Amino acid sequence: MPRRKKLGSSDIEVCEVCLGTMTFGAMTADEAACHRILDRYVALGGNFVDTAEMYPVPVKECWIGRSEEIVGSWLAGRSDRAELVIATKVAGPRGGAQFEAPPARSR
């Protein structure tokens, strides 16, 4: 089992290896393959998933929010949701970005 650490001053314990999913649906693989990656990570003892897709360069409108959608569809069928820690980042417009995410309800 991987080593765990407390997250800041909270009582939340996370795996020292956080699985970054920022390229899910963009550069990594299709949704089914991404779900298999997530399943394997958890099977190996992981519990810390970062969904932020703010890094793929160049930014493409079709990728905005896709990693979160894939992780969300994977979470929807799980009975261990309370054991998993999902992290993300929020940022405003960035220099060089051509697109801004539309409100989630309009996607």
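Look up: the structure comes first, before these words.
Please read these numbers as outputs of a predicted model, since none were measured by experiment. (Residues numbered from 1 in each chain as written. Predicted model: local features only at pLDDT ≥ 70, side-chain atom pairs only at ≥ 80, totals over all residues. Heavy atoms only, no water.)

**Observations regarding the overall build of the chain**
Phase 1 of the analysis: A tally of regular secondary structure across the chain gives two helices and five strands.
Phase 2 of the analysis: When the elements of the chain are put in sequence order from the N terminus, they spell out β-β-β-α-β-α-β.
Phase 3 of the analysis: Expressed as a percentage of the 107 residues in the chain, the buried residues total 29%.
Phase 4 of the analysis: The contacts of the chain with a sequence gap of at least 6 include a subset with a gap of at least 24, amounting to 66%.
Phase 5 of the analysis: Accessible area of the chain: about 7000 Å², with a carbon and sulfur share of 54%. (Helix = DSSP H or I, 4+ residues; strand = E, 2+ residues; numbered from the N terminus. Buried < 20%, exposed > 50% of the residue type's maximum accessible area, 1.4 Å probe, protein only. Contact = heavy atoms within 4.5 Å. Areas by Shrake-Rupley, 256 points an atom, 1.4 Å probe, with all protein chains shown as cover.)

**Let's talk about the pattern of salt bridges**
Phase 1 of the analysis: Counted under the stated rule, the structure contains seven salt bridges.
Phase 2 of the analysis: In this structure, the salt-bridge partner of glutamate 69 is arginine 66, at a minimum N-O distance of 3.2 Å. One end of the pair is glutamate 69 and the other is arginine 66, both in helix α2 (residues 66-76) and three residues apart, which spans about a single turn.
Phase 3 of the analysis: With a relative accessible area of 23%, arginine 66 lands in the partly exposed category.
Phase 4 of the analysis: Salt bridges here are not isolated pairs; linked through shared partners, they connect Arg3, Lys5 and Glu16. (Salt bridge = Lys/Arg side-chain N within 4 Å of Asp/Glu carboxyl O.)

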